[in-house]
Amino acid sequence: MARRYGWQSDLGAALDPIADKLLLATVFITLAYLKLVPLWLMAAAVIRDFVIVLGALSFRHWIGPLDVRPSAVSKINTVCQIALILAVVGGEKLTLQPAWVITVLGAVTFVTVVVSGIDYVLTYGRRALAS
């Protein structure tokens, strides 16, 4: 809505992705605590987001303003994470799908977590070296 109605601000641009990452991390931690997702999957998702936020803050502190654009693989990762969360919660309460669906979504989510994390590190590492 901010983009659509011109309500964008520098503060909002910085806080929005952090809030998204915090929300997803909190849900993954909660699901791992409840033993609904494996600990290693939660750790991968949380560590990826921690590395991205720490890298962005470091870049901004030592190099300067950072124009962050989510890559296609990062957007796919977000969709996979949300789909997995919905499937796990839905499967726990409503038994909407067979268990293999959650296994496949978990595997795809893990792959996209790793690939998108590496993509962020390489992309912004190159930008840092070029500055």
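Our structure is the block above this text.
Bear in mind the structure is a predicted one, so any value in this text is a computation, not a measurement.

Even without glycine at this site, Lys-35 takes up a positive phi of about 60°. Tracing the chain through its elements places Lys-35 in the loop between α2 (10–33) and α3 (39–62).

What follows concerns the environment of Leu-39. Relative to the helices and strands, Leu-39 is located in helix α3. Taking C-alpha positions, Leu-39 is 8.4 Å from Ile-29, a pair spaced 10 residues apart along the chain.

Here the focus is the packing of aromatic side chains. Summed over all chains, the structure comprises 2 aromatic pairs. Summarising the aromatic geometry, the rings of Trp-40 and Phe-110 are spaced 5.2 Å apart at their centres and angled 85° between planes, so their arrangement reads as edge-to-face. Remark: Phe-110 occurs in helix α5 (residues 99–130) and Trp-40 occurs in helix α3; sequence separation between them is 70 residues. Classification of Phe-110 as partly exposed rests on a relative accessible area of 31%. Their ring planes at 20° and their centres at 5.9 Å tell us that Tyr-120 and Tyr-124 sit as a pair that is stacked. Taken as a pair, Tyr-120 and Tyr-124 lie in helix α5 at a separation of 4 residues, close to a single helical turn. You'll find Tyr-120 and Tyr-124 in the same group, each marked buried.

Further remarks concern a nonpolar patch on the surface. On the surface, a cluster of nonpolar side chains totalling about 610 Å² of accessible area is made up of Trp-40, Phe-110, Val-111, Val-114, Val-115, Ile-118 and Leu-122. Ranked by residue count, the leading element in the nonpolar patch is α5, at 6 residues. In this structure, Leu-122 sits in helix α5.

The next point concerns α3. Over its 24 residues, α3 runs 34 Å from end to end, which matches the ideal 34 Å to within 8%, given 1.5 Å per residue. Taken together, the buried positions of α3 are Leu-41, Met-42, Ala-44, Ala-45, Arg-48, Asp-49, Ile-52 and Phe-59. Backbone geometry just after α3 places Gly-64 at a positive phi near 145°.

With respect to the helices, strands and loops of the structure, Asn-77 is situated in helix α4 (residues 72–93). In contact with Asn-77, other than residues within four places in its own chain, are Arg-48, Thr-109, Thr-112, Val-113 and Ser-116.

What follows is about the pattern of salt bridges. Under the definition given, this model contains 1 salt bridge. The residue Arg-48 makes a salt bridge to Asp-49 at a minimum N-O spacing of 2.5 Å. Its relative accessible area of 7% is what places Arg-48 among the buried residues.

For the rest of this paragraph, the subject is α4. Compared with the 32 Å implied by 1.5 Å per residue over 22 residues, the 32 Å span of α4 between its first and last C-alpha is a close match. Turning to α4, its buried residues number three or more, namely Ser-74, Asn-77, Cys-80, Gln-81, Leu-84, Ile-85, Ala-87, Val-88 and Gly-90. The first or second residue beyond α4 is Thr-95, which carries a positive phi of 50°.

Parameters at a glance
- Residues numbered from 1 in each chain as written.
- Predicted model: local features only at pLDDT ≥ 70, side-chain atom pairs only at ≥ 80, totals over all residues.
- Heavy atoms only, no water.
- Helix = DSSP H or I, 4+ residues; strand = E, 2+ residues; numbered from the N terminus.
- Phe/Tyr/Trp six-rings, centres within 6.5 Å; stacked < 30°, edge-to-face > 60°.
- Buried < 20%, exposed > 50% of the residue type's maximum accessible area, 1.4 Å probe, protein only.
- Patch = residues over 30% accessible without salt bridge, like charges linked within 9 Å, V, L, I, M, F, W, Y side chains within 5 Å.
- Areas by Shrake-Rupley, 256 points an atom, 1.4 Å probe, with all protein chains shown as cover.
- Salt bridge = Lys/Arg side-chain N within 4 Å of Asp/Glu carboxyl O.
- Expected span 1.5 Å × (residues − 1).
- Contact = heavy atoms within 4.5 Å.

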